[in-house]
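Close look at the chain arrangement
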Amino acid sequence: MYCKVLVSWLCCLLLLVAVPSQAQTDCSDYQLLRENAVYELLSYNHKDKPTGRMTYNVTDLDRSGGKLEATIHSQVYDEKDKLATEGDFKIGCENGSIWMDMNSMMNRQGAMQGQENNLEMSMDGDKMLYPSNMQAGQKLEDGTMTMEMKDSGNGQSMMTMVMKVTDRTVEGKESITVPAGTYDSYKIRYNTQMENRAMGMKMPGMRIETVEYYVPKIGMVRSETYRNGKLQSYTVLSKIE
């Protein structure tokens, strides 16, 4: 249950430090590192049926100490356009590359459900990097994130989930059209492996393949998830303000 909910929003959140002054200038052109920027993404299943939408709003920019970092407020709506959950995450710039903390890849809906069931959730993850100089055939850094849910009463571990993103490869450049416009993008393919333990017992995991279309200065404009070679869902950028 948790695994399916969390994976469904994984690609939405893949939009996606001291840096030299020139690198700061380059990164300041990235849309989600601008004051009051707004994104909207729409998600669909393999039959093109709407399954939800997500909005990103830049609420704060930190340029102190030579770094450039933005706080993003996200809101997730279900297929009936009812607000399901909301929360904050951060993105930033390092040496001209955009980074996103992998902790923000986890849907906060899981956290809310845990609170209602007297569970506490903790997360620890790597930063996912999107270099400024992508090239066809380039291998991007992998990443791992661990989430643990504990009983808030006795501290016992109830569930541990490990998400591993591997084999991130830039396949090339491709023109892509989404509701927000037509862009020249980099096509990136990678695998995500979900490993779960509940009450100390290993549970069935999940493996998916993702194809995303990344546009410099904008981020992810389309992503597609596959299982056993079959399309499961996709997400598109619908609005930028």
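Basis of the calculations
- Residues numbered from 1 in each chain as written.
- Predicted model: local features only at pLDDT ≥ 70, side-chain atom pairs only at ≥ 80, totals over all residues.
- Heavy atoms only, no water.
- Salt bridge = Lys/Arg side-chain N within 4 Å of Asp/Glu carboxyl O.
- Helix = DSSP H or I, 4+ residues; strand = E, 2+ residues; numbered from the N terminus.
- Core = buried A, V, L, I, M, F, W, Y, C linked by side-chain atoms within 4.5 Å.
- Buried < 20%, exposed > 50% of the residue type's maximum accessible area, 1.4 Å probe, protein only.
- Contact = heavy atoms within 4.5 Å.
- Polar contact = N/O pair within 3.5 Å; in protein donor to acceptor, adjacent residues only side chain to side chain.
- Pairing = 2+ DSSP bridges.

**Points about the pattern of salt bridges**
Side chains carrying opposite charge are able to pair once their charged atoms draw close together. Evaluation of the coordinates by the stated rule reveals nine salt bridges. Put simply, R63 and E35 hold a salt bridge, and the shortest N to O gap is 3.9 Å. Separated by 28 residues along the polypeptide, R63 in the loop between β2 (50–62) and β3 (69–77) and E35 in the loop between α2 (21–27) and β1 (38–45) bring together distant segments of the chain. A single network of salt bridges, built from pairs that share partners, joins E171, K187, R189 and E209.

**Details of the nonpolar core**
Ranked by internal contacts, the top residues of the largest apolar core, which has 42 residues, are I91 and V221. Every residue in contact with V221, bar those within four places of it in the chain, is listed here: I176, V178, Y183, Y213, V215, T235, V236 and L237.

**Brief notes about unusual backbone geometry**
Of note in the backbone geometry, N36 takes a positive phi value of approximately 60° without being a glycine. Looking at the element boundaries, N36 is found in the loop between α2 and β1. Despite not being glycine, D48 shows a phi value in the positive range, around 65°. Tracing the backbone through its elements, the reader meets D48 in the loop between β1 and β2.

**Focus on the environment of G125**
Tracing the backbone through its elements, the reader meets G125 in strand β6 (residues 119–125). Look at G125 and you get partly exposed, because its relative accessible area is 25%. Here the alpha-carbon distance between G125 and V162, two residues 37 residues apart in the chain, equals 9.6 Å.

**Quick notes on the environment of R168**
Tracing the backbone through its elements, the reader meets R168 in strand β9 (residues 157–178). By relative accessible area, which is 1% here, R168 ends up buried. C-alpha separation for the pair R168 and E141, spaced 27 residues apart in sequence, amounts to 6.8 Å. R168 has contacts with M128, L129, Y130, Q138, K139, L140, E141, D142, R189 and Y190, leaving out every residue within four places of it along the chain. For R168, the side chain forms a polar contact with the main-chain oxygen of E141, separated by 2.8 Å.

**Digging into the pairing of β9**
Both faces of the sheet carry side chains from a regular strand, because those side chains alternate between them. For strand β8 (residues 143–151) and β9, the ladder comprises eight bridges, and the chain directions are antiparallel. Bridged to M147 within β9 is M161. Between β8 and β9, which pair antiparallel in sequence order, lie five residues; one of them, G155, sits at a positive phi of approximately 75°. Sheet analysis places β9 next to strand β10 (residues 181–198), joined by 17 bridges and oriented antiparallel. Bridge pairing in β10 places M163 opposite M194. From the end of β9 to the start of β10, which pair antiparallel, there are two residues.

**Describing the pairing of strand β4 (residues 83–94)**
Strand direction decides the pairing type here: β3 and β4, joined by nine bridges, are antiparallel. For S74, the partnering residue across the bridge sits in β4 and is G87. Counting the residues that bridge the hairpin from β3 to β4 gives five residues, and of these D81 lies at a positive phi of roughly 60°.

Note that all results are geometric; they support no functional claim without further evidence.
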